[in-house]
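# Structure at a glance
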Amino acid sequence: MHGGVMMWRLVSYAFCLIVSLQPGSWSAWAAAEELGGEVKIEVLFKPVECAPKSKKGDLMNVHYDGFLAKDGSQFYCSRTDKAGHPQWVVLGIGQMIKGLDLGMVDMCPGERRKITIPPALAFGEAGKEPVPPNATVIFEVEAFSVSRGPRSMEAFGSMDIDNDKSLTKDEVKEYLKVEYKKEGKPREETFFDKVVEDIFRKNDNDKNGQISVTEYNIYKHDEL
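What you see is a predicted model; the values in this text were computed from it and never measured.

Now for the overall build of the protein chain. Within the protein chain one finds seven helices and eight strands. Taking all 224 residues of the protein chain together, the buried fraction comes to 46%. Residue pairs at least 24 apart in sequence account for 68% of intrachain contacts in the protein chain once pairs closer than 6 positions are excluded. For the protein chain, the computed accessible surface area is about 11,800 Å², with 55% contributed by carbon and sulfur atoms.

Put into structure tokens, the structure is as follows:
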């Protein structure tokens, strides 16, 4: 692993643990201005070989830390939540706030971004504890992997081995294995089991053990 990336991950982990103890050191965050309806993206690090780039429907594995722009206080840290595992997200389906769906497009594995999100694209007028109403928020996001996720109709056709217009857990898992192998990132069986369980938990709406075309094609404009 590149030394700079390793150092960043160590610093990020330590940062999650100590940021609340040093509010004065984050005055730069407090200077962030309201941005109306736009998302501001700052690339903090981008690998020389930046591929594949994320797009709507892709499956991403990321760490992200959330801050209030007003005073720099931290309200979320994925490195201290859920045993510190990176989060699996499908881009562009509303799994995250709108500002992250917009701000994480065209990211590649290893890339880091600072994304400033206005209230309308974050938690809105109501807010969401501990984020207050009408708050501009800032996320630092680090992407670990990007792969064709469970929303690409091209991917659906590749996964649907028996061409029955529905996906089983085995079909999804085999597809992910092939994709990770292409990227030179083979993983253990338990890794894929966890990813597949998460995908089905969020997308198998009728809980019949299969993802149908209707459940899969939430965009309603791509066709098989």
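Here the narrative resumes, following the displayed structure.
Our next topic: the pattern of salt bridges. Taken as a whole, this structure holds 12 salt bridges when the rule is applied. Several salt bridges share partner residues, and in doing so they unite K173, E174, K177, E189 and D193 into one network.

If you walk through the whole model with that rule in mind, you get one disulfide. One disulfide in the model links C50 with C108; its S-S distance is 2.1 Å. As the torsion about the S-S bond is roughly -105 degrees, the C50-C108 disulfide counts as left-handed. On the criterion of sequence distance, the pair formed by C50 in the loop between β1 (40-45) and β2 (59-68) and C108 in the loop between α3 (98-103) and β5 (112-117) is long-range, its members being 58 residues apart. According to the relative accessible area criterion, C50 is buried, its value standing at 16%.

Definitions and limits used
Residues numbered from 1 in each chain as written. Predicted model: local features only at pLDDT ≥ 70, side-chain atom pairs only at ≥ 80, totals over all residues. Heavy atoms only, no water. Helix = DSSP H or I, 4+ residues; strand = E, 2+ residues; numbered from the N terminus. Buried < 20%, exposed > 50% of the residue type's maximum accessible area, 1.4 Å probe, protein only. Contact = heavy atoms within 4.5 Å. Areas by Shrake-Rupley, 256 points an atom, 1.4 Å probe, with all protein chains shown as cover. Salt bridge = Lys/Arg side-chain N within 4 Å of Asp/Glu carboxyl O. Disulfide = S-S within 2.5 Å.

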